Amino acid sequence: MKKRLSLLFSLMLVLSLFLAACGGFNKKEETAGDQAGEDKKADVPQELRVNINTEPFSLHPGLANDSTSGAVLRQTFEGLTVIKDGKPEPAMAESYEVSDDLTTYTFKLRDAKWTNGDPVTAHDFEYAWKWALDPKNQAQYAYQLYYIKNGQAFNEGKAKAEDVGVKALDDKTLQVTLENPTPYFLELTAFYTYFPVNSKIAQKNPDWYKNAGPDYTSNGPFKMVSWEHNNKIVLEKNENYWDADNVKLTKIEMFMVNDPNTELSMFNNGELDWAGSPTGYLPTDALPKLKEEGKLHVQPIAGTYWYKFNTEKPPLNNVNIRKALTYAIDRKAIVENITKGEQIPAMAAVPPTMFPENEKGYFKDNDVEKAKEHLKKGLEELGLKDVKDLPPLTLSFNTNEAHAKIAQAIQDMWKKNLGIEVKLENAEWNVYIDKLHSGDYQIGRMGWLGDFNDPINFLELYRDKEGGNNDTNWEHPKFKQLLIDSQKEADPEKRKQMLKEAEAILMDELPIAPIYFYTNTWVQKENLKGVEVSGLGDVLFKWAYFE
Amino acid sequence: MLKYIGRRLLYMLLSLFLIITATFFLMRAAPGGPFSGEKQLPPEIEKNLNEFYGLDRPWYEQYFDYLISIAQWDFGPSFKYKGQTVNDLINNGFPVSFFLGMEALFIAVGLGILLGIIAALNHNKWQDYGAMVFAVMGISVPSFIMASFLQYVLAIKLGLFPVARWESFMHSVLPALALATTPMAFIARLTRSSMLEVLSNDYIRTAKAKGLSKFQITVRHTIRNALLPVVSYLGPLSAQILTGSFVIEKIFGIPGLGSHFVLSISNRDYTTIMGVTVFYGIILLSAMLLVDIAYGLIDPRIKLAGGKKGE
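Keep in mind the model is a prediction, meaning the values are calculated, not measured.

1. A look at the UniProt feature "transmembrane region" (unreviewed entry) in chain B
All names here are of chain B.
Then, number 1: The UniProt record marks residues 9-27, 98-121, 133-156, 168-188, 230-252 and 272-298 with the feature "transmembrane region" (unreviewed entry), using the residue numbering of this structure.
Then, number 2: The annotated region residues 9-27 carries 100% helix and 0% strand content, and the separation between its end C-alpha atoms amounts to 27 Å.
Then, number 3: Between the end C-alpha atoms of residues 98-121 the distance is 34 Å, and the span holds 100% helix and 0% strand.

2. Some words on unusual backbone geometry
Residue and element names in this part refer to chain A.
Then, number 1: Cis peptide bonds are those with omega within 30 degrees of zero, and the linkage from Ser277 to Pro278 qualifies with -5 degrees.
Then, number 2: Mapping Pro278 onto the fold places it in the loop between strand S11 (274-276) and helix H9 (287-292).
Then, number 3: Cis geometry is adopted by the peptide bond preceding Pro315, which originates at Pro314 and carries an omega value of 5 degrees.
Then, number 4: Its place among the elements puts Pro315 in the loop between strand S12 (297-309) and helix H10 (319-327).
Then, number 5: Not every positive phi belongs to a glycine, and Asp85 is a case in point at roughly 50 degrees.
Then, number 6: Checked against the element boundaries, Asp85 lands in the loop between strand S2 (81-84) and strand S3 (87-90).

3. Considerations on the packing of aromatic side chains
Residue and element names in this part refer to chain A.
Then, number 1: Under the defined criterion, the tally for this structure stands at 48 aromatic pairs over all chains.
Then, number 2: When the ring of Tyr184 is compared with that of Phe452, the centres are 4.8 Å apart and the planes differ by 15 degrees; the resulting orientation is stacked. Placement of Tyr184 in the loop between strand S7 (173-177) and helix H6 (185-188) and of Phe452 in the loop between strand S16 (443-449) and helix H15 (456-459) is noted, with a sequence separation of 268 residues between them.
Then, number 3: A relative accessible area of 2% places Tyr184 in the buried class.
Then, number 4: Phe452 sits in the buried class, given a relative accessible area of 5%.
Then, number 5: Both rings, one in Trp208 and one in Tyr209, keep their centres 5.8 Å apart while their planes meet at 80 degrees; by these two values the pair is edge-to-face.
Then, number 6: Taken together through their ring pairs, the aromatic side chains of Tyr96, Tyr105, Phe107, Phe125, Trp129, Phe185 and Tyr194 make up a single cluster.
Then, number 7: Here the basic side chain of Lys84 rests over the ring of Trp543, its NZ or CZ set 4.6 Å away from the ring centre.
Then, number 8: Sitting over the ring of Trp242, Arg110 keeps its end group 3.6 Å from the ring centre.

4. Focus on the confidence of the model for chain B
Residues and elements named next belong to chain B.
Then, number 1: Confidence in the prediction of chain B, expressed as mean pLDDT, is 89, and 97% of residues score 70 or more.
Then, number 2: Predicted confidence in chain B is weakest over helix H9 (residues 214-226), with a mean pLDDT of 85, and strongest over helix H4 (residues 86-121), with 94.
Then, number 3: Below pLDDT 50 for its whole length, residues 306-311 participates in 2 contacts with residues either more than four positions away or in separate chains.

5. What to know about the interface of chain B and chain A
Then, number 1: At the interface, 49 residues of chain B touch 61 residues of chain A.
Then, number 2: A combined buried area of about 4800 Å² lies between chain B and chain A, and 57% of that area is made up of carbon and sulfur atoms.
Then, number 3: Contact with chain A buries surface across chain B, with Glu38, Lys39 and Lys82 of chain B losing the most and accounting together for 15% of the total.
Then, number 4: Where chain B touches chain A, the interface holds 3 salt bridges.
Then, number 5: The salt bridge partner of Glu428 of chain A is Arg268 of chain B, with a shortest N-O separation of 2.9 Å.
Then, number 6: Elements with a contribution of two residues or more to the side of chain B that touches chain A: helix H2 (43-52), helix H5 (126-140), helix H6 (143-157), helix H11 (246-252) and helix H12 (258-266) of chain B.
Then, number 7: Of the residues forming the side of chain B that touches chain A, the biggest block, 6 residues, is contributed by H6 of chain B.

So, how was this worked out
Residues numbered from 1 in each chain as written. Chains lettered and ligands numbered in written order. Predicted model: local features only at pLDDT ≥ 70, side-chain atom pairs only at ≥ 80, totals over all residues. Heavy atoms only, no water. UniProt positions renumbered as here; feature names shortened; annotations may be inferred. Helix = DSSP H or I, 4+ residues; strand = E, 2+ residues; numbered from the N terminus. Phe/Tyr/Trp six-rings, centres within 6.5 Å; stacked < 30°, edge-to-face > 60°. Buried < 20%, exposed > 50% of the residue type's maximum accessible area, 1.4 Å probe, protein only. Lys NZ or Arg CZ within 6 Å of the ring centre and 35° of its normal. pLDDT = per-residue confidence, 0-100. Contact = heavy atoms within 4.5 Å. Buried area = accessible area lost by both parts, 1.4 Å probe. Salt bridge = Lys/Arg side-chain N within 4 Å of Asp/Glu carboxyl O.

Here it is as structure tokens:
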């Protein structure tokens, strides 16, 4: 009897635990909302708390090479231009002139100051760019500056610093000479590798960027007042900023919490004002519910999730087999049931944020009929009678729940629609990337996010077979020529046509099977306004404020 | 005693050397490197980086350089965080993990022993069952579920504590509880079973026959002997808890050392892998040594210096 009682007791205990865990999330959210509503409009504290996930690699603009560092640097520094509403606007530069051959830019700088009061000069830009290119400083993103004349040569030790095409003509005039005409150069100057560095301080104290302190000077809307490694970064409004009148936030706290569930809980508990992209993540499981409640913000960004085909491994060397595989994927089902973040089915390589018409794409999603036709044709070309005679296929991805689910779904679609059996194989990230880059795979998953707002980002990686990020071993003379020619085209419309033509070739040859275009998903305090999230998924808090 | 400790220290050095060697070669055998990423670097830049960090030199040079610098307590620069050395990472992370770990240990040992004693003294009564149901749950519920559960109930529902992060003592309560649950449950069971064993011994009967009070018997005669298994469990446990838990630190966003153990491997951050492994090795080996010394203090029957019998 005693034993039975205790059993009952323990069962009840366990049950009550579960019930407690299953209860709704609503209560706390309501109270949090009420509090926000009650605050008087006039004296809303202008303090923002966001999550940036991890410790940034480095807060030196020349050394940073990751989105976390970028997210901090974009608030504390400012380049010659800044991207607002998708277009580059003059920032540190007041005006600029471009030579007719598009290779020389002359920037006139505005009167601006560093956080310590030093004036921002053209010499600071020259110093910063040359510093990043100097091979002895080991900047991984030095190649972002290869557009500048002799930038690459200097970085590879084949030219001297004086040969690099950036020169301060006087304190306020910066002249930049480019290697080739670069129609998107003003987009690049908004990128963090192109930010200036206070040369007076950097020359005195080479360790200036390692911690917050009097030597950590910046020229952007905010200044860094503290940096507890692995824990949090605190930014405050920079009173010396040239446009300080338009900066409303007085303080930004950036936490480093690397867990999507915790991030959302903190938001629900009022410990964060923003959770999710672009600086953090939301748990996929929570997306449908947030969407239902109307809290989820979704914005397409410049990123494509695609499968790469190794075009040298049979049967993937046959274009019809590649077409059959690509057409037989039901992308809509994947974004609705697996990724759940309102991603856009991709039937093109370049995201719609750059080519709006790519929402429709170059072929039909889930076109099983056409896929079957191409399969038949492909089998004939390969001299095979039946699908069963195809060489065995393996689909690889890096170990991750979402990638695994997508791979399983696609495996199923190929089996059902085409009768093709593929084996799934996953590996830890570094092992996987090694295999992919060395061509030791057949079909492999990869994602690509644009660094700057130009379609060339998504096309040029397939320009050269030996290019570091191609991986497909595919090369096409016309495609290659179009990309090369597009660099010299000054007329944006004509250039766009060339790039579209190139993309059409890529989508006809299909060395890649696009799956979906990425989106940013987040939740935020509804009285927070003016946060600028660009089409690249970068965030600027300069114009942000609480109502 | 001193001779014993000296010999143990020598063994520790030997173990450390083996740990370092095994780690060095295992991590080099793993594919990929610290600079391989989604966007592949131009070969020239990668070559330059490898040269700078000495990764292009023959393995034996790198290996001996590592040994020398580790002997000088210099673990080198981190690959993942530019401008920070592995020593910085350890110096920043360890105090946090240590503080949290001490808090958790305090809870685990205090409550665990208490529960175990209560259960043993009330053998087969409801207190016993209650404590053991609690213990079984504590052992079987993984810490990440416990963590989310605590966050949900105590932070979100009741609003007693913040959900996550590391700012004040209040921030440390939930992670310490989550970290303590499993060891606490384990200690409770250990204490209970060894208490029961001790309670059935003749000398306890003698003590009872002498008319000593229950309290005196428990405190003077039972607990002392019953704690030996707990003490031996405490060695590896404290080494593990004090150096931080990856799961708990991730869920609560704590800037401790635990995350480096896991993340440095997926980042192929060679210097950090070596640094934290060596550090953990030292802590673990010292904790074991302390445990062995503590044995001798608690139980005079165990003689440390007595050669083989002491094992």
